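Structural characterization, general
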Amino acid sequence: MIISLLTSVLSITLRAGTSLVYATVGEIYTERSGILNLGLEGMMLMGAVTAFATAYYSGSVGLGLVVALAVGAMLAAIHAFLTVTMRANQVVSGLSITLFGSGLASFLGQRLGPVSNNYYLVGMVGPKFTPIRIPWLSKIPVLGALFSQDILTYLVYLLVPLAWFYLYKTREGLNLRAVGENPQTADAMGINVTRTRYLYTVFGGMLAGLGGAHLSLAYTPGWTENLTGGRGWIVIALVIFAMWNPARAILGAILFGGINAVQFRIQAAGTTIPAEFLNMLPYLLTILVLIVMTWWEALSKRIGAPAALGNAYMREDK
Amino acid sequence: MSESELLPSGRRRIDLLELKGIVKRFPGVLANDHIDFEVCSGEVHALLGENGAGKSTLMKILYGLYSPDEGEIWLNGKRVEIHNPTDAINLGIGMIHQHFMLVETLTVAENVALGLPSSRGPLTDLERVSKRILELADIYGLDVDPEAYIWQLAVGQRQRVEIIKALYRGAALLILDEPTAVLTPQEVDEFFVTIRQMVEDGHSVIFISHKLHEVLAISQRVTVLRDGRRIDSCPTAGCTKASLARMMVGREVIMKHDKPPVDRGEPRLVVQNLHAMSDRGTPALQGVDLEVYSGEILGLAGVSGNGQRELAEVVTGLRPLTEGKVLLEGQDVAGNDPGTLTDRMLAYIPEERMKDGMVQEFSVAENTILRDHHKQPFSRSGLLMLRTIAGYADDLIRKFQVKTPSRETPAKSLSGGNIQKVVLAREISRGPRVLIAAQPTRGLDIGAMEYVHARLLEQREQGTAILLISEDLDEILGLADRIAVIYEGKIMGVVDADDATPEYLGLLMAGVEAETELLAQNTC
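Residues numbered from 1 in each chain as written. Chains lettered and ligands numbered in written order. Predicted model: local features only at pLDDT ≥ 70, side-chain atom pairs only at ≥ 80, totals over all residues.

Remarks on the overall build of chain A
- The helix and strand inventory of chain A stands at eleven helices and two strands.
- Ordered by position from N to C terminus, the α and β elements of chain A give α-α-α-α-β-β-α-α-α-α-α-α-α.
- Its C-alpha atoms give chain A a radius of gyration of 20 Å, near enough to 20 Å, the size a compact globule of 318 residues would have.
- When the backbone C-alpha atoms are referred to their principal axes, chain A occupies close to 65 × 50 × 40 Å.
- Buried residues in chain A amount to 47% of all 318 residues.
- Relative to all contacts within chain A whose residues are 6 or more apart in sequence, the contacts with residues 24 or more apart total 76%. (Helix = DSSP H or I, 4+ residues; strand = E, 2+ residues; numbered from the N terminus. Rg over C-alpha atoms; globule rule 2.2 N^0.38 Å. Buried ≥ 20, exposed ≤ 12 C-beta atoms within 10 Å, placed from the backbone. Contact = placed C-beta atoms within 7 Å.)

Encoded structure:
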């Protein structure tokens with residue numbers, strides 16, 4: 001009984017955490033280049049709705065992913081154009097993209113559906129990623145949950161170490177870190193600041209789109225209004241929690257995914273606590289994490305945010 | 001290529017670099033107006049001029065950071081195009097910027113490796129980089145640890161990292177943009193030794209500065225710029241401080257003000273055992289004791305970042321203190337807010353005059369009454385008395401010779417010198433009992449500097465107690481009656497200005513304890 005409970009909690013944790021890891025790793029890279037992308041929520045929603053619609057009509061979840069990546073990239077490219085080229089305020093640009101993305105996703109959800117459903121996507125059942133059980137490994141008690149996941153969750157196992165290695169062990173990663181800390185210096189050292197910022201902002205947007213696609217194609221297959229439930233905002237907090245280190249992104253995602261899982265189990269077990277309170281938990285924890293991390297960051301300034309985060313850069317500034 | 005054409009780093013020399021007819025326009029400003037400039041191998045060519053004369057612009061063009069509107073760059077007799085820093089680096093040009101171009105959160109080796117291809121393809125090759133750094137450090141006698149993080153290093157060490165970084169990239173020509181601004185006198189001496197050695201080995205050096213004695217000490221040739229134009233180039237040997245200053249400013253300059261003796265009065269500002277934190281939450285002041293008397297200027301010398309800014313902010317009520325006392329004319333005012341201190345006639349010329357000294361968007365007139373706008377005669381029953389304010393502002397603009405189109409001009413569109421005059425006018429004309437002047441002439445041209453100094457001395461004669469915080473030793477030695485040196489939030493010693501030498505102050509600034517032995521050595 002206990003074992004099956006633990007197995008199920010771990011399994012839901014991983015599934016709930018997957019979209020968070022994608023978006024968190026993406027946002028870490030974006031912020032490392034000095035660009036704050038508050039448009040994540042919009043990008044995730046757009047990724048989710050376009051991925052589902054594509055998969056629904058084409059029958060191919062793979063094609064759905066490709067579209068989600070492209071949509072995330074396009075929205076992020078708008079953000080990059082506004083903040084890097086036009087040097088607009090990053091917070092304003094990001095919020096606009098979230099508002100735009102959320103609205104457009106909601107609109108598409110009411111227009112892209114089949115005629116039989118009044119053009120609504122809500123309530124339609126489409127193809128989805130199904131868990132792939134790895135022989136033998138998935139039979140291990142509890143830990144077997146690690147090996148009976150969908151392909152996107154398996155990819156997380158690869159993405160996190162690769163993202164860490166790239167950031168800390170390669171020349172490109174070193175250049176990226178320098179751009180986010182001190183763009184003037186990076187520029188003087190011959191690193192193309194504009195190219196770097198575009199590249200990693202778009203990369204972050206692609207991963208956000210992918211995270212959204214995981215929600216609509218695997219975690220809760222289908223489309224509903226506000227499918228992400230504010231995950232795009234939780235990710236902003238998770239980046240701080242991870243202290244801009246991709247390896248730590250997985251901790252945060254597991255913590256938040258875990259709360260989801262536990263909350264599911266409590267609700268399933270029947271409890272007198274109103275469901276609304278349980279649903280609040282992840283967001284309350286986000287606030288708590290921000291308080292603790294801000295306090296902690298003040299103590300150890302050296303491992304904090306990229307110093308140039310949020311600042312536009314222009315070479316001929318006097 | 002013969003052996004003698006090579007530098008110890010293995011790179012080829014730059015025998016001759018020429019800039020011909022360089023023009024650069026910024027909106028509303030002609031920063032470089034047909035400037036010619038050249039530098040040879042084995043030469044230090046100084047580029048002298050006031051702020052805004054166009055020195056930095058010219059060098060940023062040479063380094064590919066700005067693109068010129070007109071003009072050509074010739075290297076060893078061939079015309080070259082430099083579109084970005086990578087082009088410059090590939091041609092053997094290295095630049096050491098006034099504000100160091102180092103990423104604090106990375107190590108020395110990582111900073112050196114930035115932007116360069118690696119021998120291991122996409123992976124970093126920091127071990128190889130570290131080895132090469134140590135080789136170069138050995139050749140040029142520069143002591144650096146490749147593993148250390150930049151934030152752990154002192155300013156002098158950071159500058160060595162900058163030099164290594166340029167040499168690592170094969171620089172044969174080094175552009176040094178005001179390299180001594182943040183160094184102690186001893187560090188400047190060490191730095192000059194390094195430059196001389198590099199020049200002997202065949203490097204070329206362009207030395208940008210507005211410090212006349214440094215230009216005289218290190219360069220073989222000097223070119224003077226003024227208002228974007230080249231005034232003259234001549235061998236340094238025939239120049240004097242006075243002749244250079246004349247070329248730089250365009251008129252005779254008073255190099256030193258006469259300081260009439262003033263009898264000092266009672267202590268007006270006393271600071272006892274003051275402790276305070278920095279913005280980062282680390283201790284910035286660790287038991288500071290100071291006394292400033294009526295009719296004296298107490299100079300506070302020190303290398304940037306040793307607690308000067310925090311001290312000024314604590315005394316003026318802008319920063320909380322954790323321990324200690326601040327006595328203003330005998331009364332403990334520690335923890336009082338700036339408004340209360342204003343009423344007690346404490347005046348403050350802040351280090352960041354644009355940010356802390358004024359409201360940039362406000363007009364000159366509004367800025368002149370920032371301290372007293374809520375009181376008569378400037379306001380009555382909550383209404384601003386605009387005519388009184390206008391008259392007062394016009395009066396100050398005339399008295400302090402502020403160059404402004406009108407009193408309604410936004411303060412931000414004034415030049416640095418005129419902004420400082422507005423701040424000075426507001427603070428001094430209130431008849432302060434105590435004046436805190438933090439870096440009052442930083443970034444000002446010689447004319448404005450002269451003016452500020454004259455006004456500070458005038459205040460001293462009127463009996464104001466003045467705490468002059470400055471990183472410019474010449475300024476402190478020229479104005480102060482007594483000099484205190486701050487190092488890591490502690491006062492290392494207080495000496496009479498007549499007994500102080502730059503060497504002795506430099507030792508204190510570097511944290512060497514004041515010992516009578518040293519004092520004796522340096523005073524005789």
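Back to the text.
Some details on the domain arrangement of chain B
All names here are of chain B.
- When the domains of chain B are assigned, the result is domain 1 (3–249), domain 2 (257–345 + 431–524) and domain 3 (358–429).
- Here the C-alpha centre of domain 3 lies 27 Å away from the C-alpha centre of domain 2.
- The interface of domain 2 with domain 3 comprises twelve residues on the first partner and seven residues on the second. (Domains from an automatic or database assignment.)

A look at helix 14 (residues 446–461) of chain B
Residues and elements named next belong to chain B.
- With 16 residues, helix 14 should cover 22 Å at 1.5 Å per step; its first-to-last C-alpha distance of 23 Å lies within 8% of that length.
- Restricting attention to buried positions, one finds in helix 14 the residues Ile446, Ala448, Met449, Val452, His453, Leu456, Gln459 and Arg460. Projection of helix 14 onto a plane perpendicular to its axis shows the buried side chains occupying an angular sector of 160°, all on one side. Of the exposed residues in helix 14, those oriented more than 90 degrees away from the buried face are Ala454, Glu458 and Glu461.
- Among the structural elements, helix 8 (241–249), strand 13 (297–301), helix 13 (416–428), strand 19 (434–438), strand 20 (465–469) and helix 15 (473–479) are those in contact with the buried residues of helix 14.
- Remark: Gly463 follows helix 14 within two positions and exhibits a positive phi of approximately 95°. (Expected span 1.5 Å × (residues − 1). Arc of directions from axis to C-beta.)

Section: the packing of helix 2 (residues 40–58) of chain A against helix 4 (residues 90–111) of chain A
Residues and elements named next belong to chain A.
- Following both chains from N to C, one finds helix 2 and helix 4 inclined at 20°, their axes separated by 7 Å at the closest point. Between helix 2 and helix 4, the interaxial angle falls into the category roughly parallel. Note on packing geometry: the crossing formed by helix 2 with helix 4 is left-handed. When helix 2 is examined against helix 4, the residues Glu41, Gly42, Met43, Leu45, Met46, Val49 and Ala53 are found in contact with a partner set consisting of Ile97, Thr98, Leu99, Phe100, Gly101, Ser102, Leu104, Ala105, Leu108 and Gly109. (Axes fitted to C-alpha atoms, helices over the stretch in contact; angles between N-to-C directions. Parallel < 35°, antiparallel > 145°, perpendicular 65-115°, else oblique. Left-handed = near helix turned anticlockwise from the far one by under 90°.)

As for the interface of chain B and chain A
- The partner chain A presents 25 residues to the 24 residues of chain B that form the contact.
- Put simply, the parts of the chain that give the side of chain B that touches chain A at least two residues each are helix 2 (85–90) and helix 3 (108–113) of chain B.
- Here the element with the most residues in the side of chain B that touches chain A is helix 2 of chain B; it accounts for three residues.
- Taken together, the residues of the side of chain B that touches chain A sort by class into 14 nonpolar, eight polar and two charged. (Nonpolar A, V, L, I, M, F, W, Y, C, P; charged D, E, K, R; others polar.)

Some words on the sheet that holds strand 10 (residues 229–235) of chain B
Residues and elements named next belong to chain B.
- Strand order in the open sheet made by the six strands is 6-7-8-3-9-10, with mixed pairing throughout. In this open sheet, the two edge strands, each paired with only one partner strand, are strand 6 (93–96) and strand 10. Taken over all neighbouring pairs, the strand axes of this sheet differ in orientation by 15° on average, direction set aside.
- In terms of strand pairing, strand 9 (residues 221–226) meets strand 10 through six bridges, oriented antiparallel. Bridge pairing links Leu225 to Arg230 in strand 10.
- Helix 8 rests against strand 3 (44–48), strand 9 and strand 10 of the sheet, and its axis sits at about 30° to strand 9. (Pairing = 2+ DSSP bridges.)

Points about the sheet that holds strand 22 (residues 490–496) of chain B
All names here are of chain B.
- Spatially, the six strands line up as an open sheet ordered 16-19-20-13-21-22, and their pairing is mixed. Both edges of this open sheet fall to strand 16 (346–349) and strand 22, since each of them pairs with a single strand only. Strand-to-strand twist in this sheet, taken as the mean axis angle between neighbours without regard to direction, amounts to 15°.
- In the packing of helix 9 (residues 308–315) onto the sheet, the strands contacted are strand 13, strand 19, strand 20 and strand 21 (482–487), and the crossing angle to strand 19 comes to about 150°.
- Packing of helix 13 onto the sheet brings it into contact with strand 16 and strand 19, and relative to strand 16 it is tilted by some 175°.

Concerning the packing of helix 1 (residues 2–32) of chain A against helix 9 (residues 231–241) of chain A
All names here are of chain A.
- Between helix 1 and helix 9, the least distance of the axes is 9 Å, while the angle of their chain directions is 55°. With respect to each other, helix 1 and helix 9 are oriented oblique. In this structure, the crossing between helix 1 and helix 9 has a hand that is right-handed. In this structure, helix 1 contributes Ser19, Leu20, Ala23, Thr24, Glu27, Ile28 and Glu31 to the contact, and helix 9 contributes Arg231, Gly232, Ile234, Val235, Ile236, Leu238 and Val239.
- Residue composition of the contact of helix 1 with helix 9, by class: eight nonpolar, three polar and three charged.

Things to note about the environment of Ser102 of chain A
Residues and elements named next belong to chain A.
- Following the sequence through the fold, Ser102 ends up in helix 4.
- For Ser102, a count of 21 C-beta atoms within 10 Å gives the class buried.
- The residues contacting Ser102, other than those within four sequence positions of it, are Glu41, Gly42 and Leu45.

Notes on the pairing of strand 7 (residues 173–177) of chain B
Residue and element names in this part refer to chain B.
- Counting buried residues in strand 7 gives five out of five residues, a clear majority hidden from the surface.
- The alternating pattern of strand 7 places Leu173, Ile175 and Asp177 and Leu174 and Leu176 on opposite faces, both of which are buried.
- Pairing of strand 6 with strand 7, which is carried by four bridges, proceeds in the parallel orientation. For Gly94, the partnering residue across the bridge sits in strand 7 and is Leu174.
- Looking at chain direction, strand 7 and strand 8 (residues 204–209) are connected through five bridges and run parallel. Along strand 8, the bridge assignment pairs Ile175 with Ile206.

Notes on unusual backbone geometry
- Here the amide bond leading from Gln376 of chain B into Pro377 of chain B is cis, since omega sits at 0°, within 30 degrees of zero.
- Locating Pro377 of chain B in the fold gives a position in the loop between helix 11 (364–368) and strand 17 (379–380).
- Despite not being glycine, Arg87 of chain A shows a phi value in the positive range, around 55°.
- Inspection of the secondary structure puts Arg87 of chain A in the loop between helix 3 (61–85) and helix 4.
- Judged by local crowding, Arg87 of chain A falls into the partly exposed class, with 13 C-beta atoms found within 10 Å.
- Its identity is not glycine, yet Trp244 of chain A carries a phi of approximately 60°, on the positive side.
- Relative to the assigned elements, Trp244 of chain A resides in the loop between helix 9 and helix 10 (246–269).

Overview of the nonpolar core
- Counting 233 residues, the largest nonpolar core has Leu238 of chain A together with Leu62, Leu468 and Val485 of chain B as the members making the most contacts within it.
- Ignoring any residue separated from it by four or fewer positions in sequence, one finds Val485 of chain B in contact with Ala301, Gly302, Ile491, Met492, Gly493, Leu505, Leu508 and Met509 of chain B. (Core = buried A, V, L, I, M, F, W, Y, C linked by C-beta atoms within 7 Å.)

Re the environment of Arg25 of chain B
- With respect to the element layout, Arg25 of chain B can be found in strand 1 (residues 16–26).
- Along the sequence, Arg25 of chain B and Gly391 of chain B sit 366 residues apart, while their C-alpha atoms lie 38 Å from each other.

Some points on helix 4 of chain A
All names here are of chain A.
- Here helix 4 contains 22 residues, and its C-alpha end-to-end distance of 31 Å stays within 8% of the 32 Å for a straight helix at 1.5 Å per residue.
- Among the residues of helix 4, Gln90, Ser93, Gly94, Ile97, Thr98, Gly101, Ser102, Ala105 and Gly109 are the ones counted as buried. Each buried residue of helix 4 sits inside an arc of 160° when the element is viewed along its axis, so together they form one side. More than 90 degrees from the buried face of helix 4, the exposed residues found are Val92, Gly103, Phe107 and Arg111.
- The secondary structure elements touched by the buried residues of helix 4 are helix 2, helix 3 and helix 9.

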